[in-house]
Amino acid sequence: MRAFAVLVWVAAAVATPGNVTLLQGEADGWGLRPLEAMAKEVENEKMSPEEAVKNAAGVLPSEVTQLLKGSSTSLRAAPDKLALKHVDTVNKLIVGEKQKLDISLLECVRVRKDIKRRLRTTKAEQTALGGQISRAGAIRTKATGDVPKMIRQIDDMRNQVLQAEKDCKHEEGSNKLKLERTKEQQKGAAEMAKLVGQCLKQKKASFLHICEDETNTTHVEQVGHVSTLVMRSVKGALELDEDGKTLASVSLDANLSAHLRRLWADPAGGGSLGGAKTPVLGASGAGPRNKMRNKCILSASVSCRELVDRVDGMQGELEMQVEDITALMVKNQQECESFKHAKTAEIQQTNALLNQAQEDLADSTGQVNAVQQTLSDKEREYREVTKELKDFNHRCESQVKESSMMICSLKVVRGQILTKVTGSLPVVMDCEVGPWSPGECSKTCGTGGRMLFSRPQVQEAGKHGSACPPLQVLQKCNDRPCPVDCQLGDWGGWGGCSKECGGGLKTRVRPVLMQSQNGGLPCSEIQQTQACNVQGCDKDCQLGDWGPWTGCSRACRFVGTGKGGLNTRKRKVTHPATGSGRCPTPTSKARLNMVECNMNECPAGVRCASNVDVMVLIDGSGSVKQRGFDLQKQFAKQLITQMEMDANRTRHARVAVISYTGYPKWYNASSPVQIVQGFTNDKAGTIAKIDKLEWPGIGTMTERALLVAKSVMEAQTKKTRQTVVLLLTDGKPRNSRKVEHAARALRAGGARLVVAPVGCAIQSAVKEQEFGKWASLPPRENVLMVNTFCQLPGQVDRFVSVLCPQLGNPTPETSIFEPKLPDTCKEEVHLKCKSGE
């Protein structure tokens, strides 16, 4: 029994020998040549008549079999017609066997092609599964390493947060203790300020002690002055006679007492107050009232105003200490919160990555296991199909040999019939055809595909030969489901970067719309990872292009300074520094270019001929003393004298004058800042008001003066005119930080701030740098050091050349100016503390 399905032949009329039939099966025509060659070889093998009759016994008619088994007499007696009929019968059987052979050949090719296709599909699926295992394995390997690493990172970050919270609490407690102590010092300083301030309210003199008792507690005492007051030295200690009467006393803590001792012995580096001596430790006083005064400092003569100014300055320092500690606490709290917030966000981010890594680990492990099982099934299927192909090839060859053997047997039988009839074996020419050649299938897959197999006729049938089998056959082809490639959606957007700097990762994914089927192309990558924020966390700032050059800041060079004006240009910061990145300061060469200009000397008595509003701030604090205040007044009057203030001129200046001091809270007085004159063109009236100005002589509230100046400027000036504020000061203000903030606000309002520090004690690198924070840029043009108040009136030309870009020629009134200095200025006129400006 044949292994192939029964095929239905449908005959079609053709003009050539044989038929064109439609074969309902599948074949692609490939691999026919070896089978055809094997069939031809078997068909042409030699075979004995007996073996041939035996092989063909199942298909030969009984008449033919009897004919072959009969005697020669009966064969000779048989009519030729009957013998030829038997030959025709055998020829028909040969043609039928040839058709069966064709069916076997095409069926072998079809099935073998199908099996090979299944092998290729299975192999492709194995390759695709191997790729999936490789990708999933890579994800699993990465996740296997990332999960424990991220767990350690999270533990480390949590420990960092706990340690930071502990450190922050410790720092907060320490700062609170410092703040409490400093506030206690403030209270003591406030009491002391009231005590020393009594000398402003009492007409008779009094003396002040700083003493330590047996418990090392420092006391400040105000002692009444009586005629029997005697100072004497006992074992090196200064003390009061018992006739002295204690009017008031206040106790101070150790830090404040040390501060006061430094202030008393050497205030601001300018010498001791009233010739007071430094304390001598280890001495003991005499008398019952002196038990509380075993270590004392005594001041014999002190200016009340100067003393109040000094103590008020000390209160300002304590005030800044409170501000510093408070600001430090706020900063620390913000940094702690920021650190905690950043670490918490980092922990959350790492947790999210950990969860993703754990999901990737679980998914990839499951995928690897599942795909490995599928791959194992496919490998088994491949082995089974390979065996099926081997078995089929064996069956196919057997069936081809069987059909070829039958054709060979029938040809031998035919020859025996003819031999018995004719007495010899004649030469019989059968129709011979060439090998099958397949055409193209009308479809690559699906249903309804057709392929035409054709072969040529190479020899016509001769006498008694068999006819040609069909030369063309139509077959169904590629009758299988079409392969479906994997279909992917569009890539989604990139996710957030895992780090803000220092190199992070971001990912994007795309959906699988349809999995591959029937051997279609498998899915390519569905997830991509990309490096991001690879820049360092510490990044320097970026600067813009250089701005335009300004005009020359001065019209000429003041005699003796060697410095003319400056042309400047600046660069702005376009991108600020991040992390520990650096950025040049506004005054560095990277951001500020300066070129000297107008080096010609200014004539004496040069006048200001600029459209400028100049405001002079006169220092009225206690430390300037009456002489310093009077010299400032003289300077201001001459400065105004050398200004062109006629409003009818195209270019003219306006002036304003402010006097400032500082009153303690306990001192009942009006505002510490006095607006002597708002902006005006009235030169004579302004000078008259300056003449009437009295020295207030208490504290130094410089910040109040700058804020008042800002209010006056905003109310009385126009944006079309340059406002220049000249600040005269002899030293440290009550609160330098507030001054810096007020100066910044004034500059932000459009004013140019010029600072003129007076006195040797404040002319140091540190002080100059501090004044540079107040003044406008560049400091060389806006910080004008003056060695002493005695030299201030003689430098009016210098200030005019700095304050006014355009100058006018001197007038007789300005060129013959000679400062009127008191006799005490003789030694200070030529005093040199620091060269230049």
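Q: Mind showing me how you'd approach the overall build of the chain here?
A: Along its length, the chain carries 16 helices and 26 strands. By residue count, 42% of the 837 residues in the chain fall in the buried class. Partitioning the contacts of the chain with sequence separation of at least 6, the portion at a separation of at least 24 is 78%. Carbon and sulfur atoms form 52% of the exposed surface of the chain, whose accessible area is close to 43,600 Å².

Q: Can you help me understand the environment of Ser 516 in this one?
A: Take Ser 516: it is sitting in the loop between strand 15 (512-514) and strand 16 (527-532). As for Ser 516 and Gln 487, which are separated by 29 residues in sequence, their C-alpha atoms are 7.5 Å apart. Ignoring sequence-local partners within four residues, the contact set of Ser 516 consists of Val 484, Asp 485, Cys 486, Leu 521 and Pro 522.

Q: Explanation requested: the packing of helix 9 (residues 625-641) against helix 10 (residues 683-691) in the structure shown.
A: In a packed pair of helices, the relevant descriptors are the angle between the two axes and the axis-to-axis distance. One way to put it is that helix 9 packs onto helix 10 with a least axis distance of 10 Å and a crossing angle of 180°. It follows from the interaxial angle that helix 9 and helix 10 lie roughly antiparallel. Here Lys 633, Ala 636, Lys 637, Ile 640 and Thr 641 of helix 9 lie close against helix 10, whose contacting residues are Lys 683, Thr 686, Ile 687, Ile 690 and Asp 691. Taken together, the residues of the contact of helix 9 with helix 10 break down into 4 nonpolar, 2 polar and 4 charged.

Q: Even after reading the chapter, I still don't get the confidence of the model for the chain, so can you show me in this structure?
A: Low pLDDT marks stretches whose predicted atomic positions should not be read closely. Considering every residue of the chain, the mean pLDDT works out to 79; 79% of them sit at 70 or more. No element of the chain has a lower mean pLDDT than strand 4 (residues 231-234), at 28, and none a higher one than strand 21 (residues 612-619), at 96. When the criterion is pLDDT under 50, residues 71-75 qualifies, and its contacts beyond four places in sequence or with other chains add up to 3 contacts. Contacts from residues 225-248, a stretch scored under 50 in pLDDT, to residues over four places away or in other chains number 55 contacts.

Q: Just to check I follow, could you spell out the side chain of Thr 717 for this structure?
A: Tracing the sequence through the fold places Thr 717 in the loop between helix 11 (702-716) and strand 24 (722-729). The buried category is assigned to Thr 717, whose relative accessible area is 19%. There is a polar contact of 2.4 Å between the side chain of Thr 717 and the backbone oxygen of Met 713. Apart from residues lying up to four places away in sequence, Thr 717 is in contact with Asp 613, Arg 654, Phe 679, Val 712 and Thr 723.

Q: Looking at this model, I keep getting lost on the state of the cysteines. Mind explaining?
A: A covalent bond between the sulfur atoms of two cysteines is referred to as a disulfide. Enumeration according to the criterion identifies 13 disulfides in this entry. The partner cysteine of Cys 431 in its disulfide is Cys 468, sulfur to sulfur 1.4 Å. Its S-S torsion of approximately 80° makes the covalent link between Cys 431 and Cys 468 right-handed. Highlighted residues: Cys 431 in the loop between helix 8 (304-422) and strand 8 (432-433) and Cys 468 in the loop between strand 11 (457-459) and strand 12 (472-476), separated in sequence by 37 residues. This pair shows no difference in class: Cys 431 is buried, exactly as Cys 468 is.

Q: Can you walk me through the nonpolar core in this structure?
A: A general trend in soluble globular proteins is that nonpolar side chains are found buried together. The biggest cluster of nonpolar side chains holds 44 residues, and the ones touching the most others in it are Phe 635, Leu 639, Met 643, Leu 726, Phe 799 and Leu 803. Put simply, the parts of the chain that give this core at least two residues each are strand 21, helix 9, strand 22 (654-660), helix 10, strand 24, strand 25 (751-757) and helix 15 (796-803). Ranked by the residues each element gives to this core, the list is headed by helix 9, at 6 residues. Non-local contacts of Leu 726, meaning those with residues more than four positions away in its chain, are made with Met 615, Val 616, Leu 617, Phe 635, Leu 639, Val 754, Ala 756, Phe 799 and Leu 803. Membership of the second largest hydrophobic core comes to 42 residues, among which are Leu 101, Leu 105, Phe 392 and Ile 407.

Q: Quick question: what am I supposed to make of unusual backbone geometry here?
A: Peptide bonds are, in most cases, trans, and in most cases residues other than glycine have a negative phi. The peptide bond linking Leu 777 to Pro 778 adopts the cis configuration, its omega dihedral lying at -5°. Phi is positive for Asn 478, close to 50°, though the residue is something other than glycine. Mapped onto the secondary structure, Asn 478 falls in the loop between strand 12 and strand 13 (487-488). The phi dihedral of Asn 533 is positive, around 45°, even though this residue is not glycine. Its location among the elements puts Asn 533 in the loop between strand 16 and strand 17 (542-546). For Asn 533, a relative accessible area of 28% translates into the label partly exposed.

Q: I keep staring at the side chain of Asn 91 and nothing clicks. Help me out?
A: When you line up the elements, Asn 91 lands in helix 5 (residues 80-196). The class of Asn 91 is buried, set by a relative accessible area of 6%. Residue contacts for Asn 91: discarding those within four places in its chain leaves Arg 414, His 464, Gly 465 and Ser 466.

Q: What am I meant to see in the sheet that holds strand 24 here?
A: Within a beta sheet, neighbouring strands are joined by backbone hydrogen bonds and run either parallel or antiparallel to one another. Taken in spatial order, the 5 strands make up an open sheet running 23-22-21-24-25, and their pairing is mixed. The two strands at the open ends of the sheet, each matched to only one other strand, are strand 23 (673-680) and strand 25. Averaged over all neighbouring strand pairs, the angle between strand axes comes to 15°, with direction disregarded. Pairing of strand 21 with strand 22, which is carried by 7 bridges, proceeds in the parallel orientation.

Q: Sorry, what's going on with helix 2 (residues 49-56) here?
A: Residues spaced three or four apart along an α-helix point in a common direction, a consequence of the helix completing one turn every 3.6 residues. Those residues of helix 2 that fall on the buried side of the exposure criterion are Ala 52, Val 53 and Ala 56. Down the axis of helix 2, the sector holding all buried residues measures 95°, keeping them to one side. Away from the buried face of helix 2 by more than 90 degrees, exposed residues Glu 50 and Lys 54 are located.

Each value, and the rule that gives it
- Throughout, residues of each chain are indexed from 1 in the direction in which the sequence is written.
- Totals for whole chains, interfaces and linings use all residues, but because this is a predicted model, local features are given only for residues with pLDDT of at least 70 and pairs of side-chain atoms are given and counted only at 80 or more.
- The side-chain numbers reported here are obtained from all heavy atoms of the structure, hydrogens and water having been left aside.
- Numbering of helices and strands starts at the N terminus; helices are DSSP runs of H or I of at least 4 residues and strands are runs of E of at least 2.
- Whether a residue is buried, partly exposed or exposed follows from its accessible area with a 1.4 Å probe, protein chains only, as a fraction of its type maximum: under 20%, in between, or over 50%, in that order.
- Contact criterion: two residues are considered in contact whenever any of their non-hydrogen atoms come within 4.5 Å of each other.
- Per-residue and other accessible areas were derived by the Shrake-Rupley procedure at a 1.4 Å probe size, with only the shown protein chains allowed to occlude residues.
- To define axes, lines are fitted to C-alpha atoms, for helices over the stretch in contact only, and angles between the resulting N-to-C directions are given on a 0 to 180 degree scale.
- Under this scheme an angle from 65 to 115 degrees is roughly perpendicular, one under 35 degrees roughly parallel, and one over 145 degrees roughly antiparallel; angles in between are oblique.
- Polar here means any residue other than Ala, Val, Leu, Ile, Met, Phe, Trp, Tyr, Cys and Pro, which are nonpolar, and Asp, Glu, Lys and Arg, which are charged; Gly is therefore polar.
- Values of pLDDT, which run from 0 to 100, indicate the predictor's confidence residue by residue.
- N or O atoms within 3.5 Å of each other form a polar contact, as long as, within protein, one can give a hydrogen and the other can take it, and as long as residues adjacent in sequence are counted only when both atoms are side-chain atoms.
- In this description, the term disulfide denotes a pair of cysteine sulfurs within 2.5 Å.
- Nonpolar core, defined: a set of buried Ala, Val, Leu, Ile, Met, Phe, Trp, Tyr and Cys residues in which side-chain atoms within 4.5 Å join the residues together.
- Two strands are said to pair when DSSP picks up at least two bridges between them.
- Along the arc lie the directions from the helix axis toward the C-beta atoms.

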